[in-house]
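So the chains spell out like this:
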Amino acid sequence: MRMPRRDLPPPPPPAHLRAWFDEHAVRAVRADRARFLGELGRRSLGFGRLLLLWSVSAVFALGWTFVGMALMAIETGDPFSYLFGLIFASLGVGVLIPAGFWFAWGAKRDRQVRRLLCAWAELDRDPPVDAAVRAPGRSLIWLLASLALGGLGLWVAFASAATARPGADTYGEVAYTMGLGMILWITALLGLGKAGAHYRWALRVFGGGAGVPSGADGR
């Protein structure tokens, strides 16, 4: 039975029920563990999850672009520019608020995935399955991609401030560019933190070598 794509798997059976499992039930739980860990691992550290994080960042950048346009329009002091600034500010708020809710929903779902991943990983030991859950390749991709994005964000943020010249660059332009760089930098920090947390978790759960005795019931 395949797990619905939009639903999370159930938690593992509690210990007091696993104590009564026969060999057939133990094999079924092992199969569930392998299937669910694969799905949860992709949801936690898959390429789609990285693209989702960057998509949320892009929406924040779009909203901040409208806010920056509003700042630059208001800074001109023209009455019509104030009107356009109000329109741009409204558009920016209209984009940033849904993006914030989207980010909060993603963070909540990520915590749920992490709890289930920990519960199923600690249920038993299966070296081939555990090796796939460690996902060193995916962790490295998250790490390198986040480092590149963070470097770009820092360059955008500080270069705009360092190269700004009175009379040539407005405060609104500098604020917009620095804010855009900060969005990229914060996104990179989130990616780095996720890759580092997964690496430390994998070492703690799978790196000891001893593991839990074979059998889904832990006996």
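You'll find the structure just up there.
A brief look at the structure comes next. (Residues numbered from 1 in each chain as written. Predicted model: local features only at pLDDT ≥ 70, side-chain atom pairs only at ≥ 80, totals over all residues. Heavy atoms only, no water.)

Next up on the list: the environment of Trp-54. Along the chain, Trp-54 turns up in helix α3 (residues 47-75). Beyond its immediate stretch of four places on either side in the chain, Trp-54 contacts Ala-145, Leu-149 and Thr-187. (Helix = DSSP H or I, 4+ residues; strand = E, 2+ residues; numbered from the N terminus. Contact = heavy atoms within 4.5 Å.)

The next thing to look at is a nonpolar patch on the surface. A cluster of nonpolar side chains, contributed by Phe-103, Leu-154, Phe-158, Met-182, Trp-185, Ile-186, Leu-189 and Leu-190, occupies part of the molecular surface with about 700 Å² of accessible area. Looking at the nonpolar patch, the elements that each hand over two or more residues are α6 (136-163) and α7 (171-206). Looking at which element gives the most residues to the nonpolar patch, the answer is α7, with five residues. On the secondary structure map, Ile-186 appears in helix α7. (Patch = residues over 30% accessible without salt bridge, like charges linked within 9 Å, V, L, I, M, F, W, Y side chains within 5 Å. Areas by Shrake-Rupley, 256 points an atom, 1.4 Å probe, with all protein chains shown as cover. Salt bridge = Lys/Arg side-chain N within 4 Å of Asp/Glu carboxyl O.)

Before going further, it helps to examine the pattern of salt bridges. Enumeration over the complete set of coordinates arrives at eight salt bridges. The salt bridge involving Arg-27 is made with Glu-23; its shortest N-O contact spans 4.0 Å. Here Glu-23 and Arg-27 lie together in helix α2 (residues 23-45), a separation of four residues that amounts to about one turn. Judged by relative accessible area, Arg-27 falls into the partly exposed class, the value being 47%. With a relative accessible area of 48%, Glu-23 lands in the partly exposed category. In this structure, Arg-30 and Asp-124 form a salt bridge, with 3.6 Å as the shortest nitrogen-oxygen distance. Taken together, the residues span a long stretch of sequence, with Arg-30 in helix α2 and Asp-124 in the loop between α4 (79-121) and α5 (127-134) at a distance of 94 residues. Of the residues examined, Asp-124 reaches a relative accessible area of 3% and is grouped as buried. (Buried < 20%, exposed > 50% of the residue type's maximum accessible area, 1.4 Å probe, protein only.)

The tally for this structure, following the rule as stated, stands at two aromatic pairs. Geometrically, the ring pair formed by Phe-36 and Trp-120 is edge-to-face, given 5.2 Å between the ring centres and 65 degrees between the ring planes. Here the residue Phe-36 occupies a position in helix α2, and Trp-120 occupies one in helix α4, the gap between them amounting to 84 residues. Geometrically, the ring pair formed by Trp-201 and Phe-206 is edge-to-face, given 5.6 Å between the ring centres and 80 degrees between the ring planes. (Phe/Tyr/Trp six-rings, centres within 6.5 Å; stacked < 30°, edge-to-face > 60°.)

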